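Below are the chains, spelled out letter by letter.
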Amino acid sequence: MARAMVQATLPHRQVPGNEFSRSNGNYTLSILAPSAVGLPYGSIPRLMLAWISTEAVKTKCREIELGDSLSGFMRQLDMVPTGGRWGSVTRLKQQTKRLFSSTISATYDGGNQYALMNQPLAEQAIFWWDAKKPDQAALWKSTVTLSDRFYREIIDRPVPIDMRAIKALKKSPMALDAYTWLSYRVSYLKNPTVIPWKALSLQFGSNYAQLRDFRIAFLKEVQKVQTVYKGINFDTSAEGLILKPSLTHVGKRLK
């Protein structure tokens, strides 16, 4: 995954308007989408980002081929094609359009230090799929061409993740976020660190009315992460999540 999309994340649920932001300490990720299209949200854009980013690292190419049939691509995301207004085919097409129409703005504001990066996720996205005939191969392959800056963000500083874990957690946007964040955080953790519940609430679920409600919900999702990432080592306290040095979920390649 691109590090910019791990430190702060997309909305979990549909939100009004066409702009959304989420913060992690001094870092803020803002997402802007055309008002006629809407913001991406939920698990599907997260699945797409994980798969697209993994393909970019593997192929070292900005243009990612999605395959010649909709059902074939959905199988790569471990999704079962279903029709209808609320079916998986409709939701995938809608969320894909929202995701690749969006522009992200990543800012770091440390008082005397300030950094800003604006970038569209995709330079071009072409989908030839027929939603009514998801198994039918199109004449041309559907592709997404990542913007150069976002591609470089993925290639230069990727956060290693296991796509099997992503697929296993795909029903929960917060579990997906927790998994990718924990994978990133332990990669450089040297000593036990307390991450305050308030900070985690702003990063993962700022729409909870009470902090205790967020804490209960977040720990429930982290327990789901533990089922696929058994090496993660943490504890809890009244102050926050105590993250301890752990083995990374994806081992480092020896050179």
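The following refers to the structure shown. (Residues numbered from 1 in each chain as written. Predicted model: local features only at pLDDT ≥ 70, side-chain atom pairs only at ≥ 80, totals over all residues. Heavy atoms only, no water.)

1. Notes on the sheet that holds strand β10 (residues 240-244)
No. 1: Sheet architecture is open: three strands sit in the order β8-β10-β9, paired in antiparallel fashion. Both edges of this open sheet fall to β8 (193-196) and β9 (233-236), since each of them pairs with a single strand only. Each adjacent strand pair in this sheet contributes to an overall mean axis angle of 25°, direction not counted.
No. 2: Across four bridges, β9 lies against β10 in antiparallel orientation. Among the inter-strand pairings, Phe234 is bridged to a residue of β10, identified as Leu243.
No. 3: Of the strands in this sheet, β8, β9 and β10 touch helix α8 (residues 197-204), which is tilted by about 60° from β8. (Pairing = 2+ DSSP bridges. Helix = DSSP H or I, 4+ residues; strand = E, 2+ residues; numbered from the N terminus. Axes fitted to C-alpha atoms, helices over the stretch in contact; angles between N-to-C directions. Contact = heavy atoms within 4.5 Å.)

2. Thoughts on the sheet that holds strand β6 (residues 122-126)
No. 1: With respect to topology, three strands assemble into an open sheet ordered β3-β7-β6, the strand pairing being antiparallel. The outermost strands of the open sheet, each flanked by one partner alone, are β3 (63-67) and β6. Within the sheet, the average angular offset between the axes of one strand and its neighbour, ignoring direction, is 15°.
No. 2: In the sheet, β3 pairs with strand β7 (residues 142-146) via four bridges, with the strands oriented antiparallel. Across the sheet, the residue bridging to Gly67 is Ser142, located in β7.
No. 3: Along the sheet, helix α2 (residues 43-59) makes contact with β3 and β7, crossing β3 at roughly 120°.

3. A word on the layout of surface pockets
No. 1: If you add up the space inside the second largest pocket, you get close to 270 Å³.
No. 2: Lining the second largest pocket we find 14 residues, and of these Tyr41, Ile44, Arg91, Gln94 and Gln95 sit closest to its centre.
No. 3: Mapped onto the lining of the second largest pocket, the elements with two or more residues apiece are α2 and α4 (88-100).
No. 4: For the lining of the second largest pocket, the leading source of residues is α4, giving four residues.
No. 5: Grouping the constituent residues of the lining of the second largest pocket by class yields four nonpolar, six polar and four charged. (1 Å grid on protein atoms, 1.4 Å probe; cavity = no way out; pocket = protein on both sides within 12 Å on 5 of 7 lines; lining within 4 Å. Points joined across faces, edges and corners; volume = space filled by probe spheres on them. Nonpolar A, V, L, I, M, F, W, Y, C, P; charged D, E, K, R; others polar.)

4. Looking at the packing of aromatic side chains
The geometry of an aromatic ring pair is captured by the separation of the ring centres together with the interplanar angle, meaning the angle of the planes.
No. 1: Scanning the entire structure with this criterion turns up seven aromatic pairs.
No. 2: Relative to Phe73, the ring of Trp51 lies with its centre 5.1 Å away and its plane at 85°, an arrangement referred to as edge-to-face. One end of the pair, Trp51, is in helix α2; the other, Phe73, is in helix α3 (residues 70-76), with 22 residues separating them in the sequence. By the burial criterion, Trp51 is buried, and Phe73 matches it.
No. 3: Pairing Phe204 with Phe218 gives two aromatic rings, centres 5.1 Å apart and planes at 40°, and the pair type is tilted. Of this pair, Phe204 sits in helix α8 while Phe218 sits in helix α9 (residues 211-228), placing them 14 residues apart in sequence. Here the two residues Phe204 and Phe218 agree in accessibility, since each one is buried.
No. 4: Grouped by ring-pair contacts, the aromatic residues Trp181, Phe204, Tyr208, Phe214 and Phe218 constitute a single cluster. (Phe/Tyr/Trp six-rings, centres within 6.5 Å; stacked < 30°, edge-to-face > 60°. Buried < 20%, exposed > 50% of the residue type's maximum accessible area, 1.4 Å probe, protein only.)

5. Focus: the side chain of His12
No. 1: Looking at where His12 falls in the secondary structure, it is placed in the loop between α1 (4-7) and β1 (19-24).
No. 2: Within the structure, the side chain of His12 is placed 2.9 Å from the side chain of Asp177, a separation counted as a polar contact.
No. 3: Among the polar contacts listed, one links the side chain of His12 to the backbone oxygen of Phe204, at a separation of 3.4 Å.
No. 4: With sequence-adjacent residues up to four places away left out, His12 is seen in contact with Arg22, Tyr41, Gly42, Arg46, Pro173, Met174, Asp177 and Phe204. (Polar contact = N/O pair within 3.5 Å; in protein donor to acceptor, adjacent residues only side chain to side chain.)

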